[in-house]
Amino acid sequence: PRFPPPARRAVVGSVTDVLIPASGASIEARVYRPVTDPTGTLLWVHGGGWVTGSIETADAIARALCARCGLSVVSTSYRLAPEDPFPHGLDDVRSATEWMLTNRAQLGGASAPALVGGDSAGGNLAAVVAREFGREAITGQVLVYPVVALDQPQNAFPSRVANGSGFYVEWADVAWAIEKYVPAAERGDHRVSPLNADAAGSPAAVIAVAGFDPLRDE
């Protein structure tokens, strides 16, 4: 199975489903609070190539981050491609970030760290909003094998070739997801490919990669 069964997931203090206001709709999110007093707040953005994934598929990692780091975790959904391509998902994550910051005092403490993070496509969206809000608002980023160079061909990074097939995620899968998310003409935009952005003013980042992932080198 791709995800650990509920009985094996980390124990947290409480789990609450919420609706976050956004332009034209509401965003489903899930707030995890630790057993002890929280050390800060993390907005978590799920992966899935901008096409799949949900707060349900992110449940195991959100619980683990909450329990092991002592953080209140806001796991957010966002509109998915191809029905809602760029920039709709990004707009939703931006709204979720604003909501987290507005409710920071109740979530993890007004003076405690406020972080954004995500895995794969979620890491892409988290990196973009972290730069937009800047280090004055966001304490840090937690990026897990993020996709950051959508405008580059497969041979731009050795891992895309060496790990491009035969492993859990293949480059063909990533390329398919990119095609569904954003047209080729827009892929150089730093809101799509954050590797093209000036990093000045961006919050500090923890970046975790997987050894046999085509995304490793970017």
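Procedures and definitions
For every chain, the first residue of the written sequence is number 1, and numbering continues from 1 along that sequence. Per-residue local features are limited, in this predicted model, to residues with pLDDT of at least 70; the limit for side-chain atom pairs, both in listing and counting, is 80 or more; totals at the level of whole chains, interfaces and linings are taken over all residues. By convention in this description, side-chain values take in all heavy atoms of the structure and omit both hydrogens and water. At least two bridges found by DSSP between two strands are what make those strands a pair. Elements are defined by DSSP. Helices are runs of H or I of four residues or more, strands are runs of E of two residues or more, and each kind is numbered from the N terminus. Buried and open spaces are told apart on a 1 Å grid over the protein atoms alone, a cavity being a set of points where a 1.4 Å probe fits but cannot get out and a pocket being an open set with protein on both sides within 12 Å along at least five of seven lines. Residues with an atom within 4 Å of a point are the lining residues. Grid points are joined across faces, edges and corners, and a volume is the space filled by probe spheres set on the points. In this classification, the charged set is Asp, Glu, Lys and Arg, the nonpolar set is Ala, Val, Leu, Ile, Met, Phe, Trp, Tyr, Cys and Pro, and all remaining amino acids, among them Gly, are polar. Working rule for contacts: check all heavy atoms of both residues, and any pair within 4.5 Å makes them a contact. We call a residue buried when its accessible area falls under 20% of the maximum for its residue type, exposed when it is over 50%, and partly exposed in between, using a 1.4 Å probe and counting protein chains only. The term salt bridge refers to a side-chain nitrogen of Lys or Arg lying within 4 Å of a carboxyl oxygen of Asp or Glu.

Caption draft 1: Inspection of the pairing of strand S2 (residues 25-33) at higher detail. In the sheet, strand S1 (residues 14-22) pairs with S2 via nine bridges, with the strands oriented antiparallel. Bridging across to S2, Ala22 finds its partner in Ala25. Remark: two residues form the turn of the hairpin made by S1 and S2, two consecutive strands paired antiparallel; Gly24 in that turn has positive phi of roughly 80 degrees. Looking at chain direction, S2 and strand S4 (residues 72-76) are connected through four bridges and run antiparallel. By the bridge assignment, Tyr32 is partnered in S4 with Val73.

Caption draft 2: Molecular detail of empty space enclosed by the protein. One pass over the full model with this rule turns up one cavity of 30 Å³ or more. If you add up the space inside the largest cavity, you get close to 40 Å³. Residue lining of the largest cavity: Ala127, Val128, Arg131, Glu132, His190, Arg191, Pro194 and Ala197, and that is the complete set. Taken together, the residues that form the lining of the largest cavity break down as four nonpolar, one polar and three charged.

Caption draft 3: Inspection of the environment of Val169 at higher detail. Among the secondary structure elements, Val169 is positioned in the loop between helix H5 (158-162) and helix H6 (171-181). Once residues within four sequence positions are removed from consideration, Val169 is found in contact with Asn163, Val174 and Pro214.

Caption draft 4: Broad picture of the layout of surface pockets. Of the volumes computed, that of the largest pocket is approximately 1,000 Å³. The element best represented in the lining of the largest pocket is H6, accounting for four residues. Partitioning the lining of the largest pocket into residue classes produces 19 nonpolar, eight polar and four charged. When its volume is computed, the second largest pocket comes out at roughly 330 Å³. If you go around the second largest pocket, you meet 20 residues; those closest to its centre are Ala127, Leu143, Val148, Pro194 and Leu195. Every element with two or more residues in the lining of the second largest pocket is listed here: helix H4 (121-133), strand S6 (140-144) and strand S7 (204-208). Grouping the constituent residues of the lining of the second largest pocket by class yields 14 nonpolar, two polar and four charged.

Caption draft 5: Focus on helix H1 (residues 59-69). Inspection of H1 places Asp59, Ala60, Ala62, Ala64, Leu65 and Cys66 among the buried residues, and these make up the whole buried set. Residues of H1 that are buried make contact with S2, strand S3 (41-45) and S4. Just beyond H1, the residue with positive phi is Gly70, at close to 70 degrees.

Caption draft 6: Main features of the pattern of salt bridges. Applying the stated criterion across every chain yields a total of 11 salt bridges. Between Arg30 and Asp17 there is a salt bridge, with the nearest N and O atoms lying 2.6 Å from each other. With Arg30 in strand S2 and Asp17 in strand S1, this pair connects stretches of sequence that are 13 residues apart. For Asp17, a relative accessible area of 53% translates into the label exposed.

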